[in-house]
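A structural walkthrough
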Amino acid sequence: MIEVELNQEELLKEFEDKIANEVKIEPRDWMPDEYRNHLIRQISQHAHSEVIGMQPEGNWISRAPSLRSKKILLAKIQDEGGHGLYLYGAAETLGVSRDQFINWLHEGKAKYASVFNYPSLNWADVGAIGWLVDGAAITNQVSLQRTSYGPYARAMVRICKEESFHQRQGYEIMWKMMEGTEDQKRMAQDALNRWWWPALMMFGPHDSESPNTGNAVKWKIKRESNDRLREKFINKTIPQAELIGLKIPDPNLKQIGEEQYAHGDIDWKEFWDVINGNGPCNQQRLEHHIQAHQDGAWVRECANAYHTKSK
Ligand code: BYC
C-alpha cells in the first residue's frame, strides 16, 4: 500500500471530518495538540475522581449496619477503583504515563471532583453519596458514552453499567431509612441537605462561566453542556426524593413544567473554594492518597521485578 503523507491542513481536515461524521478518534490517529491536551486534562481528572471518591464511602465499610450492606458497599467501592483503572488506561493512550498523572495529583496540579472533599458523617451519607453523587455522575457519563475519543467512550460504556447499580444501592439505603424510625428519617433528610448542593456542583460552573465547554462541544468531547446535564439530574431526582418523603433543601425550587424544575442559586464561592483546595477534607483526601501510594510502593516494585524477569 502506498502511504500518502498529508500536510497539517489535510490532517486537520481529516480529523474534523471524522468528528463531523461521528467516527471515533483512536490513539494512533492524528489529532490536534489542543484536542489531546483537553482529553488528558479531562480524563485524568475523571480517573482521579473515581479513586479519591473511594475515600468518603470507605470510611463506612467497617461500620456498615449489616453483612449484606457491607458486602454491597465493598463491591461498589471496588468498582470505583476499577473505573479509575479503565480511565487511567484510556488517558495513557494519549501518551502520558500513569506515574505522571499520579505526580500531578500529588503536586496539586490535577483536579478531582469537588464533591469528594466533603465528609461522610454517618451511614445515611453512604446512601446520599450513592443516590446523588453516583446519580449525578451517571447523568454525565451516559452522555460521555458518545464522546469522540474511542478509548474514553468505551470506558464509559462499562462504567455506566456499574454506575446504575451504585445509584440504586444508595437510593435503597435512603428509602429504607425513610421507612424507619423518626431518627433514621431525620438522618436521611440531613444527609440530603448536606449532599444536594455539592452534587449539583459536580456538573461544573454555569455554561457561561465554563472556559472548556466551547472546545469540548466543538470536538464532541462533551455531548451536553454543564447546565443541561445539571437540569436533567434535577428533573429525575426530585420525583425520587418525593416518592420516599424527602424534601429537596432548596427554598427557591420551582416546578416549571411536567417533570421540569428551576433551582435556586448555587453557592459558586463555595465551589471555587473547594476546587482551590479549601474544602473541609481536601488536605485529608490528598494526604491519604499520598500515604497509600507510598505504602504500596513495594507492591509496584514486586510487580515490576516480576515483569522484568518474565520478559
Ligand atoms: N470538581 O470549563 P469547565 C464517581 C473544573 S467519580 C472539580 O466546565 P470541563 C464516583 C474543571 O476541571 C466520577 N473541578 O470544565 C466515585 C476546570 O478546571 P481545569 C465523577 C471541577 O472539563 C466514587 C474548571 O473547573 N465524574 O462517579 O469542561 C464514589 C472549569 O470548568 C468541577 C467526573 O469526574 C468539579 N465538580 O467540565 C462515588 C466527570 N467542575 O481542568 C462516585 C468528568 C469543573 O481547566 N469530568 N471543574 O483546571 C467532566 O465531565 C468535566 O471535566 C466537568 C467539567 C463536567 C467536571
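Every value quoted in this text rests on a predicted model; they were computed, and no experiment measured them. (Residues numbered from 1 in each chain as written. Predicted model: local features only at pLDDT ≥ 70, side-chain atom pairs only at ≥ 80, totals over all residues. Heavy atoms only, no water.)

Near the ligand, the surroundings consist of 34 residues, among which Arg-41, Lys-111, Asn-140, Ser-210 and Lys-222 are the closest. One of the side-chain N or O atoms of Lys-111 is found 2.6 Å from an oxygen atom in the ligand. The contact in question runs from a nitrogen atom of the ligand to an N or O atom on the backbone of Met-201, over 3.2 Å. For the ligand, the protein covers 93% of the area, taking 1000 Å² as the surface of the free molecule. Among the elements that line the shell around the ligand, the one with the most residues is helix H2 (residues 33-52), at six residues. (Near = heavy atom within 4 Å. Polar contact = N/O pair within 3.5 Å; in protein donor to acceptor, adjacent residues only side chain to side chain. Areas by Shrake-Rupley, 256 points an atom, 1.4 Å probe, with all protein chains shown as cover. Helix = DSSP H or I, 4+ residues; strand = E, 2+ residues; numbered from the N terminus.)

The subject of this paragraph is the nonpolar core. Of all hydrophobic cores here, the largest spans 48 residues; its most connected members are Leu-132, Met-174, Trp-195, Trp-196, Phe-233 and Leu-246. Those elements that provide at least two residues to this core are helix H4 (67-92), helix H6 (123-144), helix H7 (150-178), helix H8 (182-201), helix H10 (226-243) and helix H11 (268-278). Sequence-distant contacts of Trp-196, that is, excluding residues within four places in its chain, are made with Leu-132, Phe-233, Ile-234, Thr-237, Ile-248, Pro-249 and Asp-250. Counting 27 residues, the second-largest nonpolar core is a separate cluster that includes Ile-40, Ile-43, Ala-90 and Ala-91. (Core = buried A, V, L, I, M, F, W, Y, C linked by side-chain atoms within 4.5 Å. Buried < 20%, exposed > 50% of the residue type's maximum accessible area, 1.4 Å probe, protein only. Contact = heavy atoms within 4.5 Å.)

Its location among the elements puts Ser-210 in the loop between H8 and helix H9 (213-218). On the basis of relative accessibility, which here comes to 10%, the residue Ser-210 falls in the buried class. Distance in space between the C-alpha atoms of Ser-210 and Asn-226 is 8.2 Å, their sequence separation being 16 residues. Every residue in contact with Ser-210, bar those within four places of it in the chain, is listed here: Pro-205, Lys-222 and Asn-226. At 2.5 Å, the side chain of Ser-210 and the side chain of Thr-213 are in polar contact.

Right, let's get into the packing of H2 against H4. Two elements in contact, H2 and H4, have axes whose closest approach is 8 Å; the angle formed by their N-to-C orientations is 160°. It follows that H2 is roughly antiparallel to H4 by the angle criterion. Viewed along their axes, H2 and H4 form a crossing whose handedness is left-handed. Each of Ile-43, Ser-44, His-46, Ala-47, His-48, Glu-50 and Val-51 in H2 lies in contact with H4, whose residues at this interface are Glu-80, His-83, Gly-84, Leu-87, Tyr-88, Ala-90 and Ala-91. (Axes fitted to C-alpha atoms, helices over the stretch in contact; angles between N-to-C directions. Parallel < 35°, antiparallel > 145°, perpendicular 65-115°, else oblique. Left-handed = near helix turned anticlockwise from the far one by under 90°.)

Before going further, it helps to spend a moment on the domain arrangement of the protein. Frequently, the measure chosen for interface size is the accessible area removed from exposure when the parts meet. Examined at the domain level, the protein breaks down into domain 1 (1-30) and domain 2 (34-310). Computed over C-alpha atoms only, the centres of domain 1 and domain 2 are separated by 33 Å. The interface is formed by eight residues belonging to domain 1 together with 15 residues belonging to domain 2. Together, the buried faces of domain 1 and domain 2 total about 880 Å²; carbon and sulfur atoms form 51% of this surface. Considering only the surface of domain 1 that becomes buried against domain 2, Ile-19, Lys-24 and Pro-27 emerge as the three largest contributors, covering 50% of it. Of the charged contacts in the structure, one is a salt bridge between Arg-154 and Glu-26, with a shortest N-O distance of 2.8 Å. On inspection of domain 1 and its partner domain 2, the count reaches seven residue pairs in polar contact (both at pLDDT 80 or more). In the side of domain 1 that touches domain 2, the residues fall into five nonpolar, no polar and three charged. (Domains from an automatic or database assignment. Buried area = accessible area lost by both parts, 1.4 Å probe. Salt bridge = Lys/Arg side-chain N within 4 Å of Asp/Glu carboxyl O. Nonpolar A, V, L, I, M, F, W, Y, C, P; charged D, E, K, R; others polar.)

Turning our attention to the packing of aromatic side chains. The full count for this structure, using the stated rule, is eleven aromatic pairs. Ring geometry for Phe-15 and Tyr-35: centres 4.9 Å apart, planes at 75°, overall edge-to-face. Taken together, the residues Phe-15 in helix H1 (residues 8-20) and Tyr-35 in helix H2 connect sequence positions 20 residues apart. The pair Phe-15 / Tyr-35 is uniform in exposure class, with both members buried. A connected cluster of aromatic rings, assembled from ring pairs, spans Phe-15, Trp-30, Tyr-35 and Trp-219. Over the ring of Trp-60 we find Arg-63, and its NZ or CZ is 4.0 Å from the ring centre. (Phe/Tyr/Trp six-rings, centres within 6.5 Å; stacked < 30°, edge-to-face > 60°. Lys NZ or Arg CZ within 6 Å of the ring centre and 35° of its normal.)

The subject of this paragraph is the packing of H8 against H10. Contact geometry for H8 and H10: axes closest at 10 Å, N-to-C directions at 145°. Across the interface between the two elements, Trp-196, Ala-199, Leu-200 and Met-201 of H8 pack against Arg-230, Phe-233, Ile-234 and Thr-237 of H10. Of the residues contributing to the contact of H8 with H10, the split by class is six nonpolar, one polar and one charged.

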